[in-house]
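Residues per chain, in single letters:
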Amino acid sequence: MLLLLIPGAAGAADLDRGRELAARWCANCHVAERTAPTGRADGLATLQAIAANPQTTAASLRGVLSAPHGRMPDLSIGAKDQDDLIAYILSLRPN
Ligand code: HEC
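Residues numbered from 1 in each chain as written. Predicted model: local features only at pLDDT ≥ 70, side-chain atom pairs only at ≥ 80, totals over all residues. Heavy atoms only, no water.

Colleague: Break down the coordination of the iron atom of the ligand for me, citing the residues and quoting the values.
Modeller: Taken together, His 30 (NE2) and His 69 (NE2) make up the full set of protein donors to the iron atom of the ligand, lying 1.9 Å away. For the iron atom of the ligand, the 6 donor atoms are set out with angles of 87 to 180° between them, so the coordination reads as octahedral. Pair noted here: His 30 is in the loop between helix 1 (15-25) and helix 2 (47-52) and His 69 is in the loop between helix 3 (58-66) and helix 4 (79-91), with a separation of 39 residues, a long-range link. Exposure remark for His 30: the relative accessible area of 13% places this residue in the buried category. (Donors = N, O, S within 2.8 Å, 3.2 Å for Na, K, Ca; no water. Tetrahedral: all angles 85-135°; square planar, octahedral: opposite > 155°, others 65-115°. Helix = DSSP H or I, 4+ residues; strand = E, 2+ residues; numbered from the N terminus. Buried < 20%, exposed > 50% of the residue type's maximum accessible area, 1.4 Å probe, protein only.)

Here's what the structure looks like:
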């Protein structure tokens with residue numbers, strides 16, 4: 001991928017990118033936007049609720065992202081994408 005060749009493109013986790021990835025990969029099943037008024041009728045956790053859970057850590061999220069869960073397709077999410085997604089999800093944590 002061309003992006004990887006641009007110096008400085010890699011590095012710190014990118015929240016905006018994480019948000020895009022969540023919208024693309026997670027929003028089919030989990031409400032992924034901070035501003036969503038409610039969760040889904042089927043009760044599947046919103047990403048915000050996942051972030052608010054004190055048991056959620058970067059490491060636990062990495063575990064979820066590294067293997068398919070529920071009906072989640074095997075996305076084979078790369079390390080950088082995982083970092084961005086994790087940074088985004090943890091940014092939803094209430095202060
Ligand atoms: C096809 C539906 C689907 C997709 C897509 C999906 N998930 Fe899930 N997710 C589930 C289901 C169903 C559960 C409930 C637990 C289980 O079945 O393992 C779950 C549980 C979770 C949990 C654990 C929640 C808890 O309270 O323990 C996390 C974290 C999670 N998902 C994150 C994500 C992230 C991040 C993405 C996007 C990269 C994603 N999921 C994409 C269906 C999905």
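Colleague: Explain helix 4 to me, using residue names and the numbers behind them.
Modeller: With 13 residues, helix 4 should cover 18 Å at 1.5 Å per step; its first-to-last C-alpha distance of 18 Å lies within 8% of that length. For helix 4, the secondary structure elements touched by its buried residues are helix 1, helix 2 and helix 3. (Expected span 1.5 Å × (residues − 1). Contact = heavy atoms within 4.5 Å.)

Colleague: Kindly report on the layout of surface pockets, identifying the contributing residues and their values.
Modeller: Taken as a whole, the largest pocket spans an internal volume of roughly 390 Å³. Around the largest pocket sit 20 residues that line it, and Cys 26, His 30, Val 64, His 69 and Met 72 are the ones nearest its centre. Among the elements of the structure, helix 1, helix 2 and helix 3 are those that each provide at least two residues to the lining of the largest pocket. Among the elements that take part in the lining of the largest pocket, helix 3 stands out by supplying 4 residues, more than any other. Looking at the lining of the largest pocket, its residues break down into 12 nonpolar, 6 polar and 2 charged. (1 Å grid on protein atoms, 1.4 Å probe; cavity = no way out; pocket = protein on both sides within 12 Å on 5 of 7 lines; lining within 4 Å. Points joined across faces, edges and corners; volume = space filled by probe spheres on them. Nonpolar A, V, L, I, M, F, W, Y, C, P; charged D, E, K, R; others polar.)

Colleague: Any details on the packing of aromatic side chains? Residues and values, ideally.
Modeller: The tally for this structure, following the rule as stated, stands at 0 aromatic pairs. When the ring centre of Trp 25 is taken as reference, the NZ or CZ atom of Arg 24 above it lies at 5.8 Å. (Phe/Tyr/Trp six-rings, centres within 6.5 Å; stacked < 30°, edge-to-face > 60°. Lys NZ or Arg CZ within 6 Å of the ring centre and 35° of its normal.)

By themselves, these figures tell us nothing about what the structure is for.
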